[in-house]
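The lines below spell out each chain.
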Amino acid sequence: MDHHTHHDGTGAAHDHDAHQASHGHGDQHAGPVTWAAAAKATLHCLTGCAIGEILGMAIGTALMWSNAATMVLAIALAFVFGYSLTLFAIRKAGLGLKSAIKVALAADTVSIIVMELVDNGIIAVVPGAMDAHLDETLFWTSLLGGFVIAFLLTTPVNRWMIGRGKGHAVVHAYH
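A quick note: this is a predicted structure, and the numbers were derived from the prediction, not measured.

1. Quick notes on the nonpolar core
So, step 1. Judged by nonpolar contacts, the single largest core of 22 residues is most densely connected at Cys-49, Met-57, Ile-112, Met-115 and Leu-143.
So, step 2. Secondary-structure elements contributing two or more residues to this core are helix 2 (35-62), helix 3 (67-92), helix 4 (97-125) and helix 5 (137-163).
So, step 3. In contact with Met-57, not counting residues within four places along its chain, are Thr-70, Ala-74, Asn-120, Ile-123, Phe-139 and Leu-143.
So, step 4. Core analysis: the second largest hydrophobic core is formed by eight residues, Ala-100, Val-103, Ala-107 and Tyr-174 among them.

2. Comments concerning unusual backbone geometry
Peptide bonds are trans in most cases, and residues, glycine excluded, mostly fall at negative phi.
So, step 1. Backbone geometry places Met-64, a non-glycine residue, at a positive phi of 55 degrees.
So, step 2. Tracing the backbone through its elements, the reader meets Met-64 in the loop between helix 2 and helix 3.
So, step 3. A relative accessible area of 71% means that Met-64 is categorised as exposed.

Conventions we followed
Residues numbered from 1 in each chain as written. Predicted model: local features only at pLDDT ≥ 70, side-chain atom pairs only at ≥ 80, totals over all residues. Heavy atoms only, no water. Core = buried A, V, L, I, M, F, W, Y, C linked by side-chain atoms within 4.5 Å. Buried < 20%, exposed > 50% of the residue type's maximum accessible area, 1.4 Å probe, protein only. Helix = DSSP H or I, 4+ residues; strand = E, 2+ residues; numbered from the N terminus. Contact = heavy atoms within 4.5 Å.

Don't take any of this as a statement about function, it's just geometry.
Listed below in structure tokens is the structure:
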């Protein structure tokens, strides 16, 4: 007997696995999560974060905003662009806007938070990086170096989350 199928009282069969998959509730992975899959998820998230972060840092620095205001703008744009890339992909797959927003929030929030903490933490602790200008090597090396370290520290977090059906695993149902 198939224990995943039951009748709903109207005589129609209801398949639990199909229902869960269509709503993103089921087990989102089959077997162990590879480092390559975790790195791919991290790189996807990092792309959006980097676009927002670079744009925010460049705008704030060019407008000579305070360090705090520049960092707030950069972090806000990192979230906007990080979520936007995921939203674009899952909307393209046919998911409605409200559902797509929920999936993007579930998929990327922890990853973006970890990346932003690491990246901005590095920029904050590198001597002179917060005061460097757009035409200085220190500005770009600290920013890009922060991305590399954020990638290296976020990949294990994403691997752990994907292995538990969380984070980027939520998006896999829509690829």
